[in-house]
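For reference, the chains in residue letters:
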Amino acid sequence: LETYYADFMQEIYARSGAENDFNETVFTERLCDFLVDQATIENFTYVGYKKVSKGIRVDAWDFNEETELLTLIITDFRATREIESLTQTEIDKIFRRVEKFFIESLDSGFYSSLEESTPAYELARVICESKGIISRVNFYLLSNASLSKRVSDFEKKEAGPYKSSY
């Protein structure tokens, strides 16, 4: 596992340098490509939106109008040589950030407050304008940390009035 991790991180760093992009962006895109290849998600759009002061974040998304499924993706990238552990407390905190983006986006005032040229504006607008169509929200957490042995399961929740999975 350590060898695979080291090779994978080298690939991320090499691709980041070659594309003049941030490691976290390359990591997110690489794993989203994998999810598309595995038919876990249909497609994705990179967003890379963070508002630390409000505790809001979303990194990528996909919306399938036919299945009425919205997928929101958040990344936990750690630029470390060793594999770190991802705890239940960290997972809950990370998911709250993307949930908050979703809930905020249901109000048109939120997307109106964003810069129109940003991918986050487009996502928030799609969520707001599609709130009557969305039947389910899937939240994905992409991380290069190892899931703590203490993490047993993800509780079933609802994101606002919407069924959701994590």
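Attention in this report is confined to the structure presented alongside it. (Residues numbered from 1 in each chain as written. Predicted model: local features only at pLDDT ≥ 70, side-chain atom pairs only at ≥ 80, totals over all residues. Heavy atoms only, no water.)

A few points about the nonpolar core
For clarity, the threshold we go by: Only buried Ala, Val, Leu, Ile, Met, Phe, Trp, Tyr and Cys residues count toward a nonpolar core, and they belong to the same one when joined by side-chain atoms within 4.5 Å. Using a 1.4 Å probe on the protein chains alone, a residue whose accessible area is under 20% of its type maximum counts as buried, one over 50% counts as exposed, and one in between counts as partly exposed. Note on definitions: a residue-residue contact is assigned when non-hydrogen atoms from the two residues lie within 4.5 Å.
In this structure, Tyr-49, Leu-70, Leu-72, Phe-101 and Phe-102 are the most contacted members of the largest nonpolar core, which totals 34 residues. Those residues in contact with Leu-70 that sit more than four places away from it in its chain are Trp-61, Asp-62, Phe-63, Phe-102, Ile-127, Ile-134, Arg-136, Val-137 and Asn-138.

As for the side chain of Glu-99
The following threshold applies: Segments assigned H or I by DSSP are reported as helices when at least four residues long, segments assigned E as strands when at least two residues long, and all are numbered from the N terminus.
Residue position: Glu-99 is located in helix 3 (residues 88-105). With sequence-adjacent residues up to four places away left out, Glu-99 is seen in contact with Phe-139, Lys-157 and Tyr-166.

Observations concerning the pattern of salt bridges
What counts here: Salt bridge criterion: a side-chain nitrogen from Lys or Arg within 4 Å of a carboxyl oxygen from Asp or Glu.
Per the stated rule, a full pass over the model turns up 9 salt bridges. Among the salt bridges present, the one from Lys-50 reaches Glu-24, with a minimum N-O distance of 3.3 Å. Of the two residues, Lys-50 sits in strand 1 (residues 45-51) while Glu-24 sits in helix 2 (residues 23-37), which places them 26 residues apart along the sequence. The salt bridge partner of Arg-125 is Glu-129, with a shortest N-O separation of 2.8 Å. Placement of both Arg-125 and Glu-129 in helix 5 (residues 119-129) is noted, with a separation of 4 residues, approximately one turn of the helix. Within the structure, one salt-bridge network assembled from shared partners comprises Glu-24, Lys-50, Arg-57 and Asp-59.

Details of the pairing of strand 2 (residues 56-64)
What counts here: Strand pairing is defined by DSSP finding a minimum of two bridges between the two strands.
Burial runs high along strand 2: 9 of the 9 residues are buried. Sheet topology places strand 1 next to strand 2; 5 bridges connect them, and they run antiparallel. Bridging across to strand 2, Tyr-46 finds its partner in Ala-60. Where strand 1 folds back onto strand 2 in an antiparallel hairpin, the turn is made up of 4 residues, including Gly-55, whose phi is positive at roughly 70°.

Overview of the packing of helix 3 against helix 5
Spelled out, the test is: Every axis in this analysis is a line fitted to C-alpha atoms, fitted for helices over the stretch in contact. Angles between the N-to-C directions lie between 0 and 180 degrees. Roughly parallel means an angle under 35 degrees; roughly antiparallel means over 145; roughly perpendicular covers 65 to 115; every other angle is labelled oblique. Lys, Arg, Asp and Glu make up the charged group, whereas Ala, Val, Leu, Ile, Met, Phe, Trp, Tyr, Cys and Pro make up the nonpolar group; the residues left over, Gly among them, are polar.
In the contact formed by helix 3 and helix 5, the axes pass within 8 Å of each other and the chain directions differ by 60°. Between helix 3 and helix 5, the interaxial angle falls into the category oblique. Side by side, helix 3 and helix 5 meet where Phe-101, Phe-102 and Ser-105 of the first sit next to Ala-120, Leu-123, Ala-124, Ile-127 and Cys-128 of the second. In the contact of helix 3 with helix 5, the residues fall into 7 nonpolar, 1 polar and no charged.

Comments concerning unusual backbone geometry
Excluding glycine, residues mostly carry a negative phi; peptide bonds, for their part, are mostly trans. For Ala-39, which is not glycine, the phi dihedral falls at a positive 60°. Tracing the sequence through the fold places Ala-39 in the loop between helix 2 and strand 1. By relative accessible area, Ala-39 is classed as exposed at 65%. A positive phi is found at Glu-68, a non-glycine position, where the angle reads about 60°. Its place among the elements puts Glu-68 in the loop between strand 2 and strand 3 (69-76). Using a relative accessible area of 33% as the deciding quantity, one classes Glu-68 as partly exposed.

A word on the side chain of Asp-62
Our working rule: Working convention for charge: Lys and Arg count positive, Asp and Glu count negative, and His plus the chain ends are omitted.
For Asp-62, the location among the structural elements is in strand 2. At 13 Å, Arg-136 is the nearest oppositely charged side chain to Asp-62, a buried residue that forms no salt bridge. Discounting residues that sit within four places of it in the chain, Asp-62 has contacts with Glu-42, Asn-43, Phe-44, Leu-69, Leu-70 and Thr-71.

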